[in-house]
Each structure stands twice: as structure tokens, then as C-alpha cells.
Amino acid sequence: MSNTDRRYDLVVWGATGVAGRLVAEYLTEQYTPDTLSLALGGRNETRLQAVESDLVDGSDEWESVPIVLGDATVPETLRELARETRVVCTTVGPYTTYGTPLVEACVEAGTEYCDLTGEVNWTREIVDEYHDAAVDADTRIVHSCGFDSVPADLGTLLAQSFARAEFGAPCSQVRIYVESGSGGVSGGTLASAAELFEAASNDPEVRRVLGNPYSLAPPGEREGVDPGEQRLPRKDPLRSSWTAPSPMAPVNERVVRRSNALLEYPWGRGFRCTEVIPTGPGLGGAATAGLISGGLGLFTLAMSIGPTRSALERFVFPDPGDGPSEEQMEQGHFRVRVRGQGTNEDGPFTVDAVIGADRDPGYGGTARMLGESAMCLVEDDTDSPLSGGVLTPASAIGKPLAERLRAVGFTASASVVSEDVDS
């Protein structure tokens with residue numbers, strides 16, 4: 001069966017989880033049965049029926065949404081699912097535990113795939129094991145299509161595209177600033193974080209992957225000029241602000257570097273990127289940067305110690321499947337700024353790209369980012385030289401994703417930064 005002859009355009013796998021349910025709600029609000037053949041996937045039929053009932057009750061367009069049953073621990077059910085649909089959009093984590101059989105099934109069936117993973121060690125495994133097969137199958141496996149790592153990855157692409165159009169040269173470095181954000185964290189997200197720390201504690205190879213800033217680059221190209229993510233408070237080189245480490249930098253920086261490599265280094269092999277949290281100028285900015293750095297360091301230390309990690313999972317973290325309240329999601333927002341600096345024949349230049357939304361970044365925003373990434377694959381609405389492989393949002397989809405996000409209320413813009421303006 002060819003990819004265009006499938007029963008469904010898109011299956012949301014994990015539709016009973018917090019993130020999966022939000023993606024399904026978004027898709028049924030934004031699209032109609034005339035434009036999208038959608039199905040809900042998971043292993044618990046009763047819970048899936050409850051989600052389907054809520055979706056239908058909340059919609060004037062959808063009279064029903066088909067259900068596809070499968071089990072992440074039974075690979076044959078995943079192969080059946082992959083053969084029935086053109087695209088799988090999965091929110092089922094930890095991906096290290098549950099993700100690989102679904103990727104394998106999609107590559108075998110020639111089914112496009114996108115997910116929310118921020119698990120660098122697992123992404124590296126998928127790159128090494130399935131990239132070549134996905135290229136041969138002409139199938140796109142697109143990781144990290146949520147808050148990890150669309151703002152950083154797509155923002156960098158927008159900044160670089162604007163720089164090349166405006167100045168005829170790419171930026172040699174970008175600084176990714178997580179300027180603002182509010183929202184909640186689900187049990188599933190924290191479970192994935194715990195899984196990553198456990199793997200790093202037990203496996204030297206995982207520690208090597210997490211310690212290499214270029215660990216997601218193609219084999220043979222896993223070294224470069226970037227020293228890795230910032231770990232201490234620092235004055236920023238591109239703006240008058242102190243900065244603290246970003247907890248998402250270990251994921252997002254590597255994804256951006258992989259985009260550069262997959263696109264055959266349009267930004268140069270000496271391209272550098274760093275993600276940070278700006279905390280403001282002066283003593284107040286320095287103190288805030290110190291507090292954030294210290295808190296992140298303590299959390300990392302606690303998660304690196306088995307008994308402490310287990311205690312946090314048992315007594316502090318919400319259960320997998322639990323998430324932020326409706327109020328938290330509705331009042332959430334985020335803004336990520338990518339500032340790039342380069343040089344052309346006229347001298348140095350600076351550009352900005354901004355991606356943001358009046359949505360909770362991890363859920364309301366992520367549902368739209370993942371949902372529209374999936375729709376780009378469904379409709380082949382992409383601007384990329386790559387038709388297959390283990391890819392990133394920027395390298396697989398590119399600027400059409402920014403256009404779709406703008407259409408649903410996101411900011412996704414690029415501009416020149418004058419020398420006397422710090423914003």
C-alpha cells in the first residue's frame with residue numbers, strides 16, 4: 001500500500017495522555033473531516049472512547065473520530081497502525097522506553113512521523129540506527145516538534161534566512177534567549193527527565209552522548225567549535241544583560257547544530273549557538289542569574305543521585321498522565337528570541353528572530369507546534385531539500401511551519417537589530 005492510499009491521514013498516538021489529548025483537541029478545532037482524516041491511537045479503548053466523546057461533544061464538525069488500538073510493547077500492533085496512516089504524531093514517552101518500535105514500524109511502512117522528544121540519548125540512537133533506512137524509504141522521522149525544539153530551531157532558521165536575504169551572509173553565531181514563559185509541567189515530562197538522568201547514571205555511553213555538543217551531528221562530524229551549553233552566570237556578548245543557563249539548552253543547541261549539518265552547513269562549519277535565560281543588567285541581573293544557576297545545579301545534582309531521584313518521582317512529581325490545570329494553560333505564554341551576528345563586506349550585522357505565543361509553552365503552545373508540524377507532513381507543506389531521514393523541524397519542514405504558526409496566533413518574525421538598540 002502506498003503512502004497516499006492509507007485509511008487515515010494522521011493518527012495521534014497517545015491521545016489519552018495530557019499532550020496527546022491537547023493535540024487531538026487542537027486538530028479537531030482547527031480542521032474538519034473534509035480536510036483531515038484523523039484517528040486517535042492508544043492501547044486503552046475505554047479511555048480513547050472517552051476522549052473521542054469529548055472531542056465530538058465540543059465540535060460542530062466532527063460527528064466521530066476513529067480509534068486505532070495498539071500497544072507500544074507489542075511491535076506488530078504498531079506495524080499495523082503504521083500501515084494504516086500516512087503520518088503518526090506521537091506524544092508517548094519516555095521515548096527511550098516506548099519510542100523505538102514505533103519509529104521502526106514507520107520506517108518499514110514508509111509512514112511519516114513526528115514527536116515531542118527531548119531525550120538526546122534516544123534521538124542519537126534513532127539517528128544511528130534508522131537515519132539511512134529512513135533516507136532509503138523516503139520517509140521523514142521528525143523529532144522535537146514542541147517547545148523542545150521548535151522555537152530554537154525554527155527561530156534560528158528564520159534569523160539565518162533573513163540574514164542571508166538582507167545581508168548576503170549567514171550569522172556566524174546565534175544566541176537563543178528564553179525571554180519569558182509561564183505554564184505547567186506534566187508528570188510525563190518529568191518522567192522523561194528522570195529516565196534521562198537514570199540512563200546517564202548507569203551508562204557511560206549515554207554520558208558521552210550528553211557531554212558532546214555535536215552528539216546529534218552525522219557520524220564522522222561530531223566535533224566542532226562550540227564548547228557546549230553555558231553552565232554558570234555570564235554577561236552576554238550580544239546584549240547588555242546577565243544570563244543564566246537554560247535547562248533546555250542541552251537539547252535545543254544540539255538540535256540546531258544537527259539542522260546545520262543536515263542542510264549541508266549553510267551557516268558554516270564554524271557556526272556557534274548558545275541558549276540562555278536573560279536576567280537583566282547590573283547587580284540585580286547578576287543575582288538573578290546566580291539564583292537560577294544554583295537552582296538548576298541543585299536540581300541536576302538531586303536527579304543524578306538514585307535515591308534522591310526516586311524520592312522526587314514518588315513524593316514530588318505529578319503522576320504520568322497528570323498535567324497543568326486549564327487555568328495554567330490559558331494564562332500561559334512564552335517568547336524566545338534568537339539573536340544572530342555575522343559579517344559581510346560592509347562589516348558586522350545583527351538580526352533578531354522572535355517566536356512566541358499567548359499559550360502555555362509546554363502544552364497549549366506545544367499542541368499547536370506539534371499539530372502543525374504533523375499537518376505540514378500530511379500536506380507535504382515543506383521547504384526542504386530533504387525527503388527522508390531522521391530530521392529536525394528546521395531541516396524537515398522549514399519556513400512553512402512558521403507561516404502556519406503565524407496563522408494560529410503565534411509571533412514568528414525576523415528583523416534587523418540596530419547597533420544602539422538592545423531588545
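Let me sum up the structure you'll find in this document. Chains are numbered independently. Their residues run from 1 in the order of the written sequence. Local features in this predicted model are restricted to residues whose pLDDT is 70 or higher, and side-chain atom pairs enter the listing and the counts only when it is 80 or higher, whereas totals over whole chains, interfaces and linings include all residues. To obtain the side-chain values, all non-hydrogen atoms of the structure were used and water was disregarded.

## Overview of unusual backbone geometry
Our working definition: Runs of H or I in DSSP of at least four residues are treated as helices and runs of E of at least two as strands, each being numbered from the N terminus.
Cis geometry marks the peptide bond from glycine 93 to proline 94, where omega comes out at 0°. Locating proline 94 in the fold gives a position in the loop between strand S4 (85-90) and helix H4 (95-98). Following aspartate 148, the chain continues into serine 149 via a peptide bond in cis, with omega recorded as 10°. Here serine 149 is to be found in the loop between strand S6 (140-142) and helix H7 (150-167). For glutamate 264, which is not glycine, the phi dihedral falls at a positive 70°.

## What about the packing of aromatic side chains?
What counts here: Pairing of aromatic rings covers Phe, Tyr and Trp, the last counted by its six-membered ring, and requires centre-to-centre distances within 6.5 Å; plane angles under 30 degrees mean stacked, over 60 mean edge-to-face, and any other angle means tilted. Only protein chains enter the accessibility calculation, which uses a 1.4 Å probe; a residue is then buried when its area is under 20% of its type maximum, exposed when over 50%, and partly exposed in between.
Taken as a whole and assessed by the stated rule, the structure comprises 6 aromatic pairs. A centroid spacing of 5.1 Å and a plane angle of 65° characterise the contact between phenylalanine 147 and phenylalanine 334, whose relative ring orientation is edge-to-face. Here phenylalanine 147, found in the loop between S6 and H7, pairs with phenylalanine 334, found in strand S11 (residues 333-344); they are 187 residues apart in sequence, far enough to count as distant. Here phenylalanine 147 falls in the buried class, since its relative accessible area comes to 14%. Three or more aromatic residues joined by ring pairs form one cluster here, namely Phe147, Phe334 and Phe410.

## Comments concerning the sheet that holds strand S5 (residues 112-115)
Condition: For two strands to count as paired, DSSP must find a minimum of two bridges between them. An axis is simply a line fitted to the C-alpha atoms; with a helix, the fit covers only the stretch in contact. Between two such axes, the angle follows the N-to-C directions and lies from 0 to 180 degrees.
In space, the 7 strands of this open sheet follow the order S3-S2-S1-S4-S5-S6-S13, with parallel pairing throughout. The open sheet has two free edges, formed respectively by strand S3 (67-69) and strand S13 (389-391), since each of these has just one partner strand. With strand direction ignored, the average angle separating the axes of adjacent strands in the sheet is 20°. Taken together, the 4 bridges between strand S1 (residues 8-13) and strand S2 (residues 38-42) define a ladder with parallel strand orientation. Residue valine 11 lies in a different strand from S2, and its bridge partner there is alanine 39.

## Focus: empty space enclosed by the protein
What counts, and what does not: Here a cavity denotes a set of grid points, spaced 1 Å apart and computed over the protein atoms alone, in which a 1.4 Å probe fits but from which it cannot get out, and a pocket denotes an open set meeting protein on both sides within 12 Å along at least five of seven lines; residues with an atom within 4 Å of a point are reported as lining. Grid points are joined across faces, edges and corners, and a volume is the space filled by probe spheres set on the points. Each residue gets one label: Ala, Val, Leu, Ile, Met, Phe, Trp, Tyr, Cys and Pro are nonpolar, Asp, Glu, Lys and Arg are charged, and the others, such as Gly, are polar.
In total, this model carries 2 cavities of 30 Å³ or more according to the counting rule given. Its boundaries defined by the atoms lining it, the largest cavity holds a volume of some 60 Å³. Every residue along the wall of the largest cavity is listed here: Thr123, Val127, His143, Ser144, Leu216, Val255, Arg258, Val390, Leu391, Thr392 and Pro393. Those elements giving two or more residues to the lining of the largest cavity turn out to be helix H6 (120-136), helix H10 (249-262) and S13. Taken together, the residues of the lining of the largest cavity break down into 6 nonpolar, 4 polar and 1 charged.

## Observations regarding the pairing of S4
For S4, a buried count of 6 out of 6 residues is recorded, marking the element as mostly surrounded by other parts of the structure. In the sheet, S4 pairs with S5 via 4 bridges, with the strands oriented parallel. Across the sheet, residue threonine 90 finds its bridge partner in S5, namely aspartate 115.

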